[in-house]
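Read off the chains here:
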There are 2 protein chains.
Amino acid sequence: MEDELTPIEQIPPLDESAMWAAEQELNHKTKPRGSLGRLERLAVQYAGIRSLGAPPPPEPAVLVAAADHGYAEEGVSAYPAEVTAQMVRTFAAGGAAICVLAREAGARLVVVDAGVRVPVDVPGVRSVRLGAGTANATAGPAMTREQALRAIAAGIGLARELGADGVTAIALGDMGIGNTTAAAALHASLLGVEPARVCGPGTGLDADGVQAKVSVVERALAANPLTGHDPVDTLAALGGFEIALLTGAILGGASERLAVVLDGFIVGAAALAATRLAPAARDYLLAGHLSPEPGHRLALEELGLDPLLELELRLGEGTGAALALPLLQAAVAILSEMATFDAAGVTDACR
Amino acid sequence: MEDELTPIEQIPPLDESAMWAAEQELNHKTKPRGSLGRLERLAVQYAGIRSLGAPPPPEPAVLVAAADHGYAEEGVSAYPAEVTAQMVRTFAAGGAAICVLAREAGARLVVVDAGVRVPVDVPGVRSVRLGAGTANATAGPAMTREQALRAIAAGIGLARELGADGVTAIALGDMGIGNTTAAAALHASLLGVEPARVCGPGTGLDADGVQAKVSVVERALAANPLTGHDPVDTLAALGGFEIALLTGAILGGASERLAVVLDGFIVGAAALAATRLAPAARDYLLAGHLSPEPGHRLALEELGLDPLLELELRLGEGTGAALALPLLQAAVAILSEMATFDAAGVTDACR
């Protein structure tokens, strides 16, 4: 089983000579050096990821993983658990927010059932089921270590498959009623902070609801004393299936030299777990947006990532990651399409 | 002459019933209410601007106005004045940053020579010349009141022409060596703040250069004692031609019910002048990005606008406005393409 995680050992460093070539190219474009700010750094990072000084336009995909959570039994969401399956069907039918935003970005959409309670067996949904929802982590582990490993391996496999199919940038998203609670438990455990610092309203709790969520996270942490620092054990204890699969997608994406665009708080938990397993994966990450969930800022600080957008999105599904794709596309277009000072006959004050 | 400014009197309020219809529609989409944050507010604003509860996809244009500045004689830029004309030629040839970003956003690009020192007479550049660069405002007015009025009228005319031609959203940009000094003088005068609070490095000054710029702005303000509060007089005194033209484009855009996407500090000066002339124009504005120039934040606060992006851009040309266009396009697509709870058969917890 653990053999399937060998890609973790195979994440290459960014290609520094490609980054240097991209930087030189940008410095000769008809603009003051560095005047396109983060857009230029994004282009250089992408050059390093793709190991190409002049990479072609990104070929983007949005990968949304869905699963149900035993936490939902604790009443931690404003929505009933059946909404997970209903939304997965809406993803497949093309009517969800992420469908619209993926189309706008010209990205293919890959929807994965990683363990919805009742299987969503419709065309357009990949079944990579690890179970019929996780167990309630307030009474013991959300899943077994073996399930967590299988979920990670499935995510690695999906990302590698997309890479083999020509995708060069994956935006990651999630769906799962109760999953901000799983993500909060993972943030608390992986960052070593109090649950109250990482619990927020999710998609619609009031102050009492947030307080109840804090207590659920506290009980989950108490029910799952983690002795070691193995992030696989942490994922198994606190869930969920989609977060473990997304952890694998990050690792598989990095090992395939894909740019990995993070969404908000849920995908942030996967990014924390992935970079604990393989710190080299960090250089492949872009933070699509900053979630209003209080734990997300802490995670991005730990990851050393600056969010590209801050639009008060609290939907998940990969919406914040998909909205950031046009910025990556624009950065790469600047690198490949802009004229140089010499070609344009413009006086460069910096030479 | 002043008759040409009648559109200023004709800016309609946003259509509240269209905004209400858009809000209702968004509340029935398959997502928790308000969970797409600023994207939803953008869609509602656009519905109000267009007076349509379900507006079709925006038809965007980028309007870049260029002119030279007498301030350049004071050595306020890292670049020589001839770069203005060279860059206008690069805009026409398709090789500048704004050309790339306009293409990425699917926007037509309109380049205007509003008064470059030597006319840029090439295909693809509209000539709306108010003069061969402004006069050096440290020795008296940058232009006459009549020139300022003609520039504003020209901007109004251009925006109305674009509106008549099917454009529904204009992103505004500027080019002009020395124009952050003109913009700083306008910010200081219109906001009533010390020049030191609104002078920054522009596209590449060091600390000494910024200090020299502060002193140039102080001298320009001293050389042009403004007794009244007429923004036309302020534009005439402190320049420049492209800023006065952009002021008109904002007014004309609002009078035609176009969404007007602002770029950074230079276009911000035009927005301050335009909203002083016609406060109703404010509701038609979107702030594309936050410039690192210190005065820009003050202007956006005065305008009551939150920037959509903050990417450390300091190029101008409309790059920050063009990069924000995909967010407007995404917001409108969410409004028109997402499924409702009823249509998708999803349980809505909020009903």
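You'll find the structure just up there.
This is a predicted model, so every value here is computed, not measured. (Residues numbered from 1 in each chain as written. Chains lettered and ligands numbered in written order. Predicted model: local features only at pLDDT ≥ 70, side-chain atom pairs only at ≥ 80, totals over all residues. Heavy atoms only, no water.)

Asker: I'd like to hear about the side chain of asparagine 224 of chain B, residue by residue, with values.
Answerer: Residues and elements named next belong to chain B. Relative to the helices and strands, asparagine 224 resides in the loop between helix H7 (207-223) and helix H8 (231-238). A distance of 3.5 Å separates a polar side-chain atom of asparagine 224 from the backbone oxygen of glycine 140. The residues contacting asparagine 224, other than those within four sequence positions of it, are Ala137, Gly140, Pro141, Ala237 and Leu238. (Helix = DSSP H or I, 4+ residues; strand = E, 2+ residues; numbered from the N terminus. Polar contact = N/O pair within 3.5 Å; in protein donor to acceptor, adjacent residues only side chain to side chain. Contact = heavy atoms within 4.5 Å.)

Asker: Explain unusual backbone geometry to me, using residue names and the numbers behind them.
Answerer: Residues and elements named next belong to chain A. Residue glycine 240 follows glycine 239 across a cis peptide bond; omega there is -5°. Following the sequence through the fold, glycine 240 ends up in the loop between helix H8 (231-238) and helix H9 (241-255). With phi around 60°, glutamate 312 is a residue other than glycine that occupies positive phi space. Position of glutamate 312 among the secondary structure elements: in the loop between helix H11 (294-303) and helix H12 (319-337). Judged by relative accessible area, which is 38%, glutamate 312 ranks as partly exposed. Notably, glutamate 317 is not glycine yet its phi reads approximately 70°, a positive angle. Of note, glutamate 317 is situated in the loop between H11 and H12. On the basis of relative accessibility, which here comes to 1%, the residue glutamate 317 falls in the buried class. (Buried < 20%, exposed > 50% of the residue type's maximum accessible area, 1.4 Å probe, protein only.)

Asker: Before we move on, could you go through the sheet that holds strand E4 (residues 169-175) of chain B and cite the residues and values that matter?
Answerer: All names here are of chain B. Pairing is parallel across the open sheet formed by 6 strands, whose spatial order is E3-E2-E1-E4-E5-E6. Pairing within the sheet leaves two strands with one partner each, and these edge strands are strand E3 (125-127) and strand E6 (285-287). Taken pair by pair, the neighbouring strands of this sheet meet at an average axis angle of 30°, ignoring direction. Across the sheet, helix H2 (residues 37-50) touches strand E5 (259-262) and E6, and the angle it forms with E6 is around 155°. (Pairing = 2+ DSSP bridges. Axes fitted to C-alpha atoms, helices over the stretch in contact; angles between N-to-C directions.)

Asker: Outline the pattern of salt bridges, listing residues and values.
Answerer: Residues and elements named next belong to chain A. One pass over the structure, following the stated rule, counts 28 salt bridges over all chains. In this structure, the salt-bridge partner of arginine 126 is glutamate 161, at a minimum N-O distance of 2.8 Å. With arginine 126 in strand E3 (residues 125-127) and glutamate 161 in helix H5 (residues 145-164), this pair connects stretches of sequence that are 35 residues apart. One salt-bridge network, held together by shared partners, links Glu59, Arg108 and Asp165. (Salt bridge = Lys/Arg side-chain N within 4 Å of Asp/Glu carboxyl O.)

Asker: Could you give me a rundown of the interface of chain A and chain B, with the residues and numbers involved?
Answerer: Every contact between the two is made by 55 residues of chain A and, on the other side, 55 residues of chain B. Around 4,100 Å² of area is buried between chain A and chain B when both sides are counted, 64% of it from carbon and sulfur atoms. Three residues stand out in chain A for area buried against chain B, namely Tyr79, Leu311 and Thr347 of chain A, and they jointly supply 13% of the buried area on that side. Counting the contacts that link chain A with chain B gives 4 salt bridges. The partner of glutamate 337 of chain B in a salt bridge is arginine 103 of chain A, with the nearest N and O atoms 2.9 Å apart. Put simply, the parts of the chain that give the side of chain A that touches chain B at least two residues each are helix H2 (37-50), helix H3 (82-93), helix H4 (97-104), H12 and helix H13 (341-344) of chain A. At 9 residues, H12 of chain A tops the list of elements feeding residues into the side of chain A that touches chain B. The residue inventory of the side of chain A that touches chain B, partitioned by class, reads 30 nonpolar, 12 polar and 13 charged. (Buried area = accessible area lost by both parts, 1.4 Å probe. Nonpolar A, V, L, I, M, F, W, Y, C, P; charged D, E, K, R; others polar.)

Asker: Can you lay out the nonpolar core for me, pointing to particular residues and giving the numbers?
Answerer: In terms of nonpolar packing, the biggest core is built from 291 residues, with Ile250 of chain A together with Ile250 of chain B touching the most fellow members. Setting aside chain neighbours within four positions, we find isoleucine 250 of chain B in contact with Leu172, Val260, Leu262, Val267, Ala270, Ala271, Ala274, Ala281 and Leu285 of chain B. (Core = buried A, V, L, I, M, F, W, Y, C linked by side-chain atoms within 4.5 Å.)

Asker: Describe helix H9 (residues 241-255) of chain B, and please don't skip the residues or the numbers.
Answerer: Residues and elements named next belong to chain B. For H9, which comprises 15 residues, the first-to-last C-alpha distance of 21 Å matches the rise-based estimate of 21 Å (1.5 Å per residue) to within 8%. Taking burial as the measure, the 15 residues of H9 include 15 buried ones, the bulk of the element. Note on H9: the residue one or two positions beyond its end, arginine 257, has a positive phi of about 60°. (Expected span 1.5 Å × (residues − 1).)

Asker: Explain the pairing of strand E2 (residues 108-115) of chain B to me, and be specific about the residues and the numbers.
Answerer: Residues and elements named next belong to chain B. Most of E2 sits out of view: 6 of its 8 residues are buried. Two elements, strand E1 (residues 60-67) and E2, share 7 bridges in a ladder whose sense is parallel. Within E2, the position partnered with valine 64 by the bridge is valine 111. The pairing of E2 with E3 spans 3 bridges and is parallel.

Any link to function would need more than the numbers given here.
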